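Take a look at the letters that make up each chain.
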Amino acid sequence: MNQTELNKNKQLPNKEERHKLFGSVTPGPRTKPVEKSKMADLQNSKKDFLFDIDMVGISNVKHPITIPSQLTPEIQTTIGTFSFGSSISQGSKGTNMSRFTEQLDHYHRQGFAVDIETLKKFTEELAGRLNESDSEIEVSFPWFFERKGPYSDLAGMNYADATIKVLYDAETGFDVTVTLTGKITTLCPCSKEISEYSAHNQRGNVTMSVKLTEDFDEQTIDWKAALLEAAESNASARIHPVLKRPDEKMVTEQAYENPRFVEDIVRLVAADLYEYDFVEAFSVECRNEESIHLHDAVASLNYDKKSEAQ
Ligand SMILES: Nc1nc2c(ncn2[C@@H]2O[C@H](COP(=O)(O)OP(=O)(O)OP(=O)(O)O)[C@@H](O)[C@H]2O)c(=O)[nH]1
């Protein structure tokens, strides 16, 4: 049926009447000012408000972003989920929340590429805009990378979940933590050892959080690719979007030849992160979605290289 054939017999009231029908009322008298300069500015009240606040801001802000990648595709436009904040002192009632999204839009109009240098600049500028001595930004996004079948060389797209968190403090400078959760295959060493045939395997989620050294240079190292490699190169096998039979045979046999517990994964990944020069401190978690249970198996560890210097 096309538009002219549609029978519109129903006699509807006009839109204004419909709104009234559903409860809309005529606006009452307006007594409060509409000019910004005449409005009360509660958040800027100064008094003793009992406590300092460590962080106040906004979260769950979705925004289009561009991210750099050293793996294909090299430029990616994706959706970032942001949070922003700063501390406020006991003497201030509140922050100026509109300034967070105001600055986000300002950066967007200048072609906001979400790399670490830009985020550092963002936090320093944000602290100034808020008249505070610190600020923070966190952005999470799916990072895509091309993956080819080990035999067929047929390509498809995989992704890992990435997060960058930058803290700025006028006195101490910047603190940058990056997090990546990549997925891997793990084959159970115990199951392989005790069974006449086969071994159960599962999809593992490896989450690596890394505090970057002060001199980290994103032009030379793509932290996302480096963390992904730490997870995948220690797995029983990598995960692929496209596998033909010869590929499937290869990854199945590779997993059987490289059995791993969750404990093995966190220790092996930790060893790689320990060897990366750009890593100051790290945490690793492996969570396996068990195929023989309804529950997950999980292991985690934290390590700070600076603790060795003491
Ligand atoms: N501080 C604070 N602001 C809130 C809260 N809830 C909503 N708001 C925000 O208050 C904002 C408006 O306040 P400001 O950003 O201080 O606006 P303004 O004073 O006109 O802006 P400036 O000229 O930059 O000072 C809106 O963006 C609301 O989102 C809250 O719990 N605390």
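Worth saying up front: this structure is predicted, and the values here are computed from it rather than measured.

Draft legend 1. Inspection of the sheet that holds strand β2 (residues 75-88) at higher detail. The eight strands lie next to each other as β1-β2-β3-β4-β5-β6-β7-β8, forming an open sheet whose pairing is antiparallel. A single partner strand is all that each edge strand has here, and the edge strands are β1 (53-68) and β8 (296-304). Pairwise comparison of adjacent strand axes, ignoring direction, gives a mean angle of 15° for this sheet. When β1 meets β2, the two strands line up antiparallel, connected through twelve bridges.

Draft legend 2. Fine view of the environment of Arg 129. One can find Arg 129 in helix α3 (residues 116-130). Through-space distance from the C-alpha of Arg 129 to that of Asn 96 is 9.3 Å; in sequence the pair is 33 residues apart. Other than its neighbours up to four places away in sequence, Arg 129 contacts Arg 99, Glu 102, Gln 103 and His 106. A polar atom in the side chain of Arg 129 sits 3.0 Å from the side chain of Gln 103.

Draft legend 3. Structural view of the pairing of strand β6 (residues 201-212). Looking at chain direction, strand β5 (residues 173-187) and β6 are connected through eleven bridges and run antiparallel. Note that in β6 the partner of Val 178 across the bridge is Val 210. Bridge count between β6 and strand β7 (residues 279-289): ten bridges; the pairing is antiparallel. Considered in β7, the bridge of Val 206 is made with Cys 286.

Draft legend 4. The arrangement of the site of the ligand in detail. The environment of the ligand is made up of Lys 36, Asp 41, Gln 43, Thr 95, Asn 96, Met 97, Ser 98 and Arg 99. Between Asn 96 and the ligand, the recorded distance is 2.6 Å, taken from a side-chain N or O atom to an oxygen atom. Between the ligand and Met 97, the relevant distance is 3.3 Å, taken from an oxygen atom to a main-chain nitrogen or oxygen of the residue. Considering the ligand on its own, with 650 Å² of exposed area, one finds that the protein chains cover 53% of that surface.

Draft legend 5. View of the UniProt feature "site: May be catalytically important" (unreviewed entry) in the chain. Mapped onto the present numbering, the UniProt feature "site: May be catalytically important" (unreviewed entry) falls at Cys 188. By secondary structure assignment, the location of Cys 188 is in the loop between β5 and α4 (189-194). Leave out the neighbours within four places in its chain, and Cys 188 touches Ala 199, His 200, Gln 202, Pro 259, Arg 260 and Phe 261.

Draft legend 6. Region of interest: the side chain of Thr 123. Topologically, Thr 123 is positioned in helix α3. Exposure remark for Thr 123: the relative accessible area of 0% places this residue in the buried category. Once residues within four sequence positions are removed from consideration, Thr 123 is found in contact with Ser 135, Glu 136, Ile 137, Val 166, Tyr 168 and Phe 174.

Draft legend 7. Representation of the confidence of the model for the chain. Confidence in the prediction of the chain, expressed as mean pLDDT, is 96, and 99% of residues score 70 or more. As scored by the predictor, the complex reaches a pTM of 0.93 and an ipTM of 0.94.

Draft legend 8. Expanded view of the packing of aromatic side chains. Counting across every chain of the model gives 14 aromatic pairs. Judged by centre distance (5.6 Å) and plane angle (45°), the rings of Phe 144 and Tyr 159 are tilted. Taken together, the residues Phe 144 in strand β3 (residues 134-148) and Tyr 159 in strand β4 (residues 155-169) connect sequence positions 15 residues apart. Of the residues examined, Tyr 159 reaches a relative accessible area of 44% and is grouped as partly exposed. Ring geometry for Tyr 274 and Tyr 303: centres 5.7 Å apart, planes at 70°, overall edge-to-face. Of this pair, Tyr 274 sits in helix α7 (residues 262-275) while Tyr 303 sits in strand β8, and the two are 29 residues apart along the sequence. Residue class for Tyr 274 comes out partly exposed when judged on its relative accessible area of 38%. The class of Tyr 303 is partly exposed, set by a relative accessible area of 31%. Site record: aromatic cluster; members linked through ring pairs are Phe 82, Phe 84, Phe 100, Tyr 107, Phe 112 and Phe 122. Its end group placed over the ring of Tyr 256, Lys 192 keeps NZ or CZ at 4.4 Å from the ring centre. Here the guanidinium or amino end of Lys 305 rests over the ring plane of Tyr 274, the centre of that ring lying 5.6 Å away.

Draft legend 9. Broad picture of unusual backbone geometry. Note the cis peptide between Thr 72 and Pro 73, where omega equals -5°. Structurally, Pro 73 is set in the loop between β1 and β2. Despite not being glycine, Asn 131 has its phi angle at roughly 60°, a positive value. Here Asn 131 is to be found in the loop between α3 and β3. Although it is not a glycine, Asp 153 adopts a positive phi angle of roughly 65°. Take Asp 153: it is sitting in the loop between β3 and β4. We classify Asp 153 as partly exposed; its relative accessible area is 48%.

Calculation criteria
- Residues numbered from 1 in each chain as written.
- Predicted model: local features only at pLDDT ≥ 70, side-chain atom pairs only at ≥ 80, totals over all residues.
- Heavy atoms only, no water.
- Pairing = 2+ DSSP bridges.
- Helix = DSSP H or I, 4+ residues; strand = E, 2+ residues; numbered from the N terminus.
- Axes fitted to C-alpha atoms, helices over the stretch in contact; angles between N-to-C directions.
- Contact = heavy atoms within 4.5 Å.
- Polar contact = N/O pair within 3.5 Å; in protein donor to acceptor, adjacent residues only side chain to side chain.
- Near = heavy atom within 4 Å.
- Areas by Shrake-Rupley, 256 points an atom, 1.4 Å probe, with all protein chains shown as cover.
- UniProt positions renumbered as here; feature names shortened; annotations may be inferred.
- Buried < 20%, exposed > 50% of the residue type's maximum accessible area, 1.4 Å probe, protein only.
- pLDDT = per-residue confidence, 0-100.
- Phe/Tyr/Trp six-rings, centres within 6.5 Å; stacked < 30°, edge-to-face > 60°.
- Lys NZ or Arg CZ within 6 Å of the ring centre and 35° of its normal.

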